[in-house]
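Structural overview for review
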Amino acid sequence: MESYRNPVLVAAVVVPPAVCGLLIPFRDNFDNANLALLLVVVIVAIAAFGVRPAGILAAVSSAVWFDFFLTVPYNSFDIRHRDDIETTLLLVVIGAAVTEIAIWGRRQQARASRHRGYLDGVITASQAVAAGGSTDELIDQVRAELTAVLGIDGVRFVAGGKLSGAPVLNADGTVTRGGRVLKVERDGLPTNAEIELAVQHAGEVRGRFLLTAAARIARPDLEQRQVAVALADQVGAALSTHQPLHP
């Protein structure tokens, strides 16, 4: 976003008065509401970039210069007609609403892209299991996927089924510590201990991924944590027939 944030902010300030200036020759021949609709198009175009300050700025700028150039008395910030006051206020309200909708849409798009990435990771791991390749390579691949999906510092694999009593990422995606469910979305993953993610198949634990989130607060949502469990299960399926070359 930073690459286009500043140009969009500049456009939010410059474009509305420029458009209002271009509409001056038509202000006596068209209803002000119709002229305002053209400014709405400008606001929507700027808001579509999903930069909240730019969208709000475009709305306010449009309202101000609409008042100055296109309402009687012209070239004045005075507004004497009720309809013009309502139109000016609507420009601001519409601009704010459109900006929020644009930001929501961009967030949904980003979320869909992340979901696709998660799915691709699980599919890749499944294909590796089906191909019967090296379990060590699969473990390394899943370690990288887990680090990316959960946004943590690192992951290591330990063979064997004994759990140490550390915080646990459970099969349902919850994280517990001493039997207490942690609020990961609010507080983040524990930073003072490794988090255990069991690698299991058919109810039998084959090993553990130990997750480290010490350098920064990681707050993976439930879906991300469930993806992590699915990735670990792929390794469990592979280990049901093969053992890794190293612990």
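Predicted model only: the values in this text are computed from it and were never measured. (Residues numbered from 1 in each chain as written. Predicted model: local features only at pLDDT ≥ 70, side-chain atom pairs only at ≥ 80, totals over all residues. Heavy atoms only, no water.)

1. Observations regarding the pairing of strand 6 (residues 204-212)
As judged from the six bridges shared by strand 1 (residues 154-159) and strand 6, these two strands associate in the antiparallel manner. The residue bridging Gly154 from the neighbouring strand is Thr212, located in strand 6. Remark: two residues form the turn of the hairpin made by strand 5 (residues 195-201) and strand 6, two consecutive strands paired antiparallel; Ala202 in that turn has positive phi of roughly 55°. (Pairing = 2+ DSSP bridges. Helix = DSSP H or I, 4+ residues; strand = E, 2+ residues; numbered from the N terminus.)

2. Concerning the packing of helix 2 (residues 32-47) against helix 3 (residues 52-70)
Any two packed helices are characterised by the angle at which their axes cross and by the distance between the axes. Interaxial distance between helix 2 and helix 3 falls to 9 Å at its minimum, and their mutual angle equals 155°. Our classification of the angle between helix 2 and helix 3 gives roughly antiparallel. Seen along the crossing, helix 2 lies across helix 3 with a hand that is right-handed. Across the interface between the two elements, Asn32, Leu35, Ala36, Leu39, Ile43, Ile46 and Ala47 from helix 2 touch Ala54, Gly55, Ala58, Ala59, Ser62, Phe66 and Leu70 from helix 3. Each residue belonging to the contact of helix 2 with helix 3 can be placed in one class, and the counts come to eleven nonpolar, three polar and no charged. (Axes fitted to C-alpha atoms, helices over the stretch in contact; angles between N-to-C directions. Parallel < 35°, antiparallel > 145°, perpendicular 65-115°, else oblique. Left-handed = near helix turned anticlockwise from the far one by under 90°. Contact = heavy atoms within 4.5 Å. Nonpolar A, V, L, I, M, F, W, Y, C, P; charged D, E, K, R; others polar.)

3. Some remarks on the nonpolar core
In this structure, Leu146, Leu197, Phe209 and Leu211 are the most contacted members of the largest nonpolar core, which totals 31 residues. In terms of residues, this core owes the most to one element, helix 7 (residues 222-239), which gives eight residues. (Core = buried A, V, L, I, M, F, W, Y, C linked by side-chain atoms within 4.5 Å. Buried < 20%, exposed > 50% of the residue type's maximum accessible area, 1.4 Å probe, protein only.)

4. Some thoughts on the packing of aromatic side chains
A full pass over the atoms with the stated rule returns seven aromatic pairs. Grouped by ring-pair contacts, the aromatic residues Trp65, Phe68, Phe69 and Phe77 constitute a single cluster. One Lys or Arg, Arg27, reaches over the ring of Tyr74 and ends 3.7 Å from the middle of that ring. (Phe/Tyr/Trp six-rings, centres within 6.5 Å; stacked < 30°, edge-to-face > 60°. Lys NZ or Arg CZ within 6 Å of the ring centre and 35° of its normal.)

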